[in-house]
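Residue-level listing of the chains:
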Amino acid sequence: MTLVAILITALGGIVGNKLRAALTMLGIVIGVASVILMLALGNGARAAVEANFRYLGSDIVQISVKEKLDQGDLVPVGNTLSYQDGLALASEVELVDGVSMTIGGEGKVRHGRSVLDLAVTGATAEALKDLAARAEVQPLGLSEGVPPSAEAYLARGRFFTPAEVAASADVCVLGHKTAEDLFGGDDPLEATIWINRRRCLVIGVLSELEVIDPQLATRSRPNDAFYLPISTAIHNLYDREPSVLITARVTDEDRMSEARDRIRAYLRGRHGIVKDEAGDYEDDFQLTTRQDILGAQQESARTFSFLLAAMAAVSLVVGGIGIMNVMLVSVTERTREIGIRMAVGATRKDVIAQFLAEAVIISVFGGVLGIAVGVLLIPPAANLNRGVALLAPDSIPLALGVALLTGLVFGLYPAARAARLDPIEALRYE
């Protein structure tokens, strides 16, 4: 039999039992759709991690407080990272030549009759340089491929100086939309506004910014910014001093490991951390470098690969058992037909090819439907995953390959069983 004749015969067998074939495909559809969703969500999560940490250069150490879950809330495991910890870091640690710090908080900002509830950022004087280095947002209309300078992020006025940060000066810098909401079309420079009932002089307005990564566009509002000197924010937004996020720049990236050890020793000394009975340190802070992120990503990729393999195996088994059951029933129902085919010259290879073709067609059709279902389910699944899902081009052939393999593996035994039938006994079968 030719390949065309085999396919026509196989399709005829499937069409003759439409409901049975459809129910058989259901297991393949569910399995393949699950593989598509797993790949999209996993790729999206990895892309989000890369977007969040891609700004970490090879000479950067990010220092944050270590937290634990306590009655549903994240609380520091020990001392917080204080503003003073960051101030002394560059002078106390030999391999650190620059330190910047930020904190976040909520504030009620008022000018005239306009009142806004805003997320307020307390920062050091290097905040715009850090914003440019992170490459998460950029001035609107910036030429593609042109790295923005810190000055490009300012539309009017200036940013606060190190002296103003040290003096806890009552100055602030507004985001583009914040300035529009508070002042309309008026010039906000040198105007006095109120933040949590404290006067503040507007010294600068940021350019209109756009989020570079579309995955973060729905979760980031850079134009609603409100910047205060970090020392001012600590006194104005909090009843007690909060934990700060510290970014340290290392003088020699080849000595990153040594710099980490020195930073760790410095913070242990300031926080009074000593070895426990087992000779270990219980640090209340954590250090993060680009190498750490890459290692975590690789570990996540290995874990995800294992989960994907498990999902593919479940799809293979569930869908394959359904195909095998249906094909075995089909062999039994069509025993006389098989005998007639063999009697008029069909070989065992022809019989195997026919039943294998039926199994493969069912699995491939189920795979195509599963891909369609999986792609359609990605948007609602992304909403449950904070909007993070990314369908990679290789996901579709991988899922279709799983479906095809299912048909081949689990269709082989029924096909071989049909080919082993004795033609004379098959013709006598009622």
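Report follows, based on the coordinates. Every value quoted in this text rests on a predicted model; they were computed, and no experiment measured them. (Residues numbered from 1 in each chain as written. Predicted model: local features only at pLDDT ≥ 70, side-chain atom pairs only at ≥ 80, totals over all residues. Heavy atoms only, no water.)

1. A short note on the pattern of salt bridges
Thinking step 1. Under the counting rule described, the total for this entry stands at twelve salt bridges.
Thinking step 2. A salt bridge links Asp 170 to Arg 198; its shortest N-O distance comes to 2.8 Å. Residue Asp 170 is found in the loop between helix 5 (162-166) and strand 8 (171-174), and its partner Arg 198 is found in strand 10 (residues 198-206); the two are separated by 28 residues along the sequence.
Thinking step 3. Judged by its relative accessible area of 26%, Arg 198 is partly exposed.
Thinking step 4. Arg 221 serves as the salt-bridge partner of Asp 224, at 3.5 Å between the closest nitrogen and oxygen. (Salt bridge = Lys/Arg side-chain N within 4 Å of Asp/Glu carboxyl O. Helix = DSSP H or I, 4+ residues; strand = E, 2+ residues; numbered from the N terminus. Buried < 20%, exposed > 50% of the residue type's maximum accessible area, 1.4 Å probe, protein only.)

2. A short note on the packing of helix 3 (residues 83-92) against helix 8 (residues 256-271)
Thinking step 1. For the pair helix 3 and helix 8, the least separation of the axes is 11 Å and the interaxial angle reads 135°. For the element pair helix 3 / helix 8, the angle class is oblique. By crossing handedness, the relation of helix 3 to helix 8 is classed as right-handed. From helix 3, Gln 84, Asp 85, Ala 88, Leu 89 and Glu 92 reach across to helix 8, where they touch Ile 263, Tyr 266, Leu 267, Arg 270 and His 271.
Thinking step 2. Split into classes, the residues belonging to the contact of helix 3 with helix 8 amount to five nonpolar, two polar and three charged. (Axes fitted to C-alpha atoms, helices over the stretch in contact; angles between N-to-C directions. Parallel < 35°, antiparallel > 145°, perpendicular 65-115°, else oblique. Left-handed = near helix turned anticlockwise from the far one by under 90°. Contact = heavy atoms within 4.5 Å. Nonpolar A, V, L, I, M, F, W, Y, C, P; charged D, E, K, R; others polar.)

3. A short note on a negative patch on the surface
Thinking step 1. Taken together, the side chains of Asp 276, Glu 277, Asp 280 and Glu 282 define an acidic patch exposed on the protein surface.
Thinking step 2. Here Asp 276 is to be found in the loop between helix 8 and strand 14 (285-288).
Thinking step 3. We classify Asp 276 as partly exposed; its relative accessible area is 33%. (Patch = residues over 30% accessible without salt bridge, like charges linked within 9 Å, V, L, I, M, F, W, Y side chains within 5 Å. Areas by Shrake-Rupley, 256 points an atom, 1.4 Å probe, with all protein chains shown as cover. Lys, Arg positive; Asp, Glu negative; His and termini not counted. Charge placed at Lys NZ, Arg CZ, Asp CG, Glu CD.)

4. Regarding unusual backbone geometry
As a rule of thumb, non-glycine residues mostly have phi less than zero, and peptide bonds are mostly trans rather than cis.
Thinking step 1. One non-glycine residue with positive phi stands out, namely Glu 190, at about 65°.
Thinking step 2. With respect to the helices and strands, Glu 190 occurs in the loop between helix 6 (176-183) and strand 9 (192-195).
Thinking step 3. Glu 190 gets classed as exposed once you look at its relative accessible area, which sits at 57%.
Thinking step 4. Positive phi, normally seen in glycine, also occurs at Arg 197, with a value near 65°.

5. Remarks on the pairing of strand 5 (residues 114-123)
Thinking step 1. Relative to strand 5, strand 4 (residues 96-111) is paired through ten bridges, and the arrangement is antiparallel. Across the sheet, the residue bridging to Ile 103 is Gly 122, located in strand 5.
Thinking step 2. Here strand 4 folds back onto strand 5, and the loop between the two strands holds two residues, one of which, Gly 112, carries a positive phi near 60°.
Thinking step 3. Pairing analysis gives three bridges linking strand 5 to strand 12 (residues 226-229), with the strands arranged parallel. Note that in strand 12 the partner of Gly 122 across the bridge is Leu 228. (Pairing = 2+ DSSP bridges.)

6. Some points on a nonpolar patch on the surface
Thinking step 1. A surface patch of nonpolar side chains, amounting to about 320 Å² of accessible area, comprises Leu 404, Leu 405, Leu 408 and Val 409.
Thinking step 2. Within the secondary structure, Val 409 is located in helix 12 (residues 395-419).

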